[in-house]
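# Observations on chain architecture
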Amino acid sequence: MKQVPQRQSHEMSAFISGLSTKSEKIRALAKAGFQQSVIGRFLNIRPQFVSNVIRAEREKVGKIEPEKVPIAALDKMKMLTEGLSTKSAKIRALDGAGYTRSQIAKFLGIRYQHVRNVLIQDRQIIEANMDETDCSKKEEWVQVGPDGRIVIPAAIRQMLGVEQGGHILFVRDDDHIRLVSRDAAIKELQDLVALKISKGPSLVDELIAERRAEAARE
């Protein structure tokens, strides 16, 4: 059976921390957006069992009144969704701000399942394009949160040498942005200095000329 990638396995373990039954773990992982096949592999259980638990949860959710949105949060939710034309875009913005799926459904006046489908589809697209061992890809989309935060893909973090955190330089080239690692930025500066020195007068030649002039005066 195909194994779940280590990074994804760590992420899934965090979602089920403290849960004792497999049904609870399945519901937690499904709510987090993981695919049924991935959940089955991670928990080492039959796909049919995962499907049955999720189906029962969906039927149960359909009978529960959506979670009420605190009045104090309405203004902020309106601000986050202002200017967004589609419900999918609003769902993503509110999810990125930390609101629950039930709160999002209640605020937008749509079914819980609609919210879940949008978020699940987003995660499936990300997983389908995720390959941590492939550093050869030249392009990769990332999502920007409402507060401007982005998650840099693992392969890019590895290439920049910031797997455990660190500093990177954003460089604007016309209408493009480059991400430059700390070492690469220092190397570019060193190369620039070396180039300017090589184009100017030789410091060694200047020193020799000064010494010869002093000797002639003596």
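Refer to the structure above for everything that follows.
Below is a summary of the structure that appears in this document. Every value quoted in this text rests on a predicted model; they were computed, and no experiment measured them.

## What about the overall build of the chain?
Looking only at helices and strands, the chain features 11 helices and 2 strands. In sequence order, the secondary structure elements of the chain are arranged as α-α-α-α-α-α-α-α-α-β-β-α-α. Taken across its 218 residues, the chain has 24% of its residues classed as buried. Residue pairs at least 24 apart in sequence account for 43% of intrachain contacts in the chain once pairs closer than 6 positions are excluded. Taken as a whole, the chain presents about 16,000 Å² of accessible surface, with 53% of it coming from carbon and sulfur.

## Here we look at the pairing of strand β2 (residues 176-181)
On a regular strand, each side chain points to the face opposite its neighbour's, so the side chains alternate between the two faces of the sheet. Where strand β1 (residues 168-173) and β2 come together, 6 bridges link them in antiparallel fashion. When the sheet's bridge partners are listed, Phe170 is paired in β2 with Leu179.

## Structural notes on the nonpolar core
Counting 16 residues, the largest nonpolar core has Met12, Ile26, Leu29, Ile39, Phe42 and Leu43 as its most contacted members. Elements supplying a minimum of two residues to this core: α2 (22-31), α3 (36-43) and α4 (47-61). Considering every element that reaches this core, the biggest residue donor is α3, with 4 residues. Not counting residues up to four positions away in its chain, the partners in contact with Leu29 are Met12, Phe15, Ile16, Phe34, Ile39, Phe42 and Leu43. Leu80, Ala105, Leu108 and Ile110 belong to the second-largest nonpolar core, a separate cluster that totals 13 residues.

## Thoughts on unusual backbone geometry
Phi angles above zero are rare outside glycine, and Asn44 is one such case at about 60°. Classification of Asn44 as exposed rests on a relative accessible area of 61%.

## A short note on the packing of helix α1 (residues 6-15) against α3
Packing of α1 against α3 brings their axes to within 11 Å, and their N-to-C directions diverge by 85°. With respect to α3, the element α1 is oriented roughly perpendicular. Contact residues: α1 offers Gln8, Ser9, Met12 and Ser13, while α3 offers Val38, Ile39 and Phe42. Here the contact of α1 with α3 is composed, by residue class, of 4 nonpolar, 3 polar and no charged.

## A short note on helix α7 (residues 101-108)
Buried residues dominate α7, accounting for 6 of its 8 residues. Of all the residues in α7, the buried ones are Arg101, Ser102, Gln103, Ile104, Ala105 and Leu108. The first or second residue beyond α7 is Gly109, which carries a positive phi of 70°.

## Description of the environment of Ser181
On the secondary structure map, Ser181 appears in strand β2. Taking the C-alpha atoms as reference points, Ser181 and Gly161, 20 residues apart in sequence, are found 7.1 Å from one another.

## A short note on the packing of aromatic side chains
Aromatic ring pairs are described here by two measures, namely the spacing of the ring centres and the angle between the planes. One pass over the structure, following the stated rule, counts 1 aromatic pair. With centroids separated by 5.7 Å and ring planes inclined at 75°, the aromatic side chains of Phe15 and Phe34 adopt a geometry described as edge-to-face. On the criterion of sequence distance, the pair formed by Phe15 in helix α1 and Phe34 in the loop between α2 and α3 is long-range, its members being 19 residues apart. When its relative accessible area of 38% is taken as the criterion, Phe15 is described as partly exposed.

The rules behind these values
Residues numbered from 1 in each chain as written. Predicted model: local features only at pLDDT ≥ 70, side-chain atom pairs only at ≥ 80, totals over all residues. Heavy atoms only, no water. Helix = DSSP H or I, 4+ residues; strand = E, 2+ residues; numbered from the N terminus. Buried < 20%, exposed > 50% of the residue type's maximum accessible area, 1.4 Å probe, protein only. Contact = heavy atoms within 4.5 Å. Areas by Shrake-Rupley, 256 points an atom, 1.4 Å probe, with all protein chains shown as cover. Pairing = 2+ DSSP bridges. Core = buried A, V, L, I, M, F, W, Y, C linked by side-chain atoms within 4.5 Å. Axes fitted to C-alpha atoms, helices over the stretch in contact; angles between N-to-C directions. Parallel < 35°, antiparallel > 145°, perpendicular 65-115°, else oblique. Nonpolar A, V, L, I, M, F, W, Y, C, P; charged D, E, K, R; others polar. Phe/Tyr/Trp six-rings, centres within 6.5 Å; stacked < 30°, edge-to-face > 60°.

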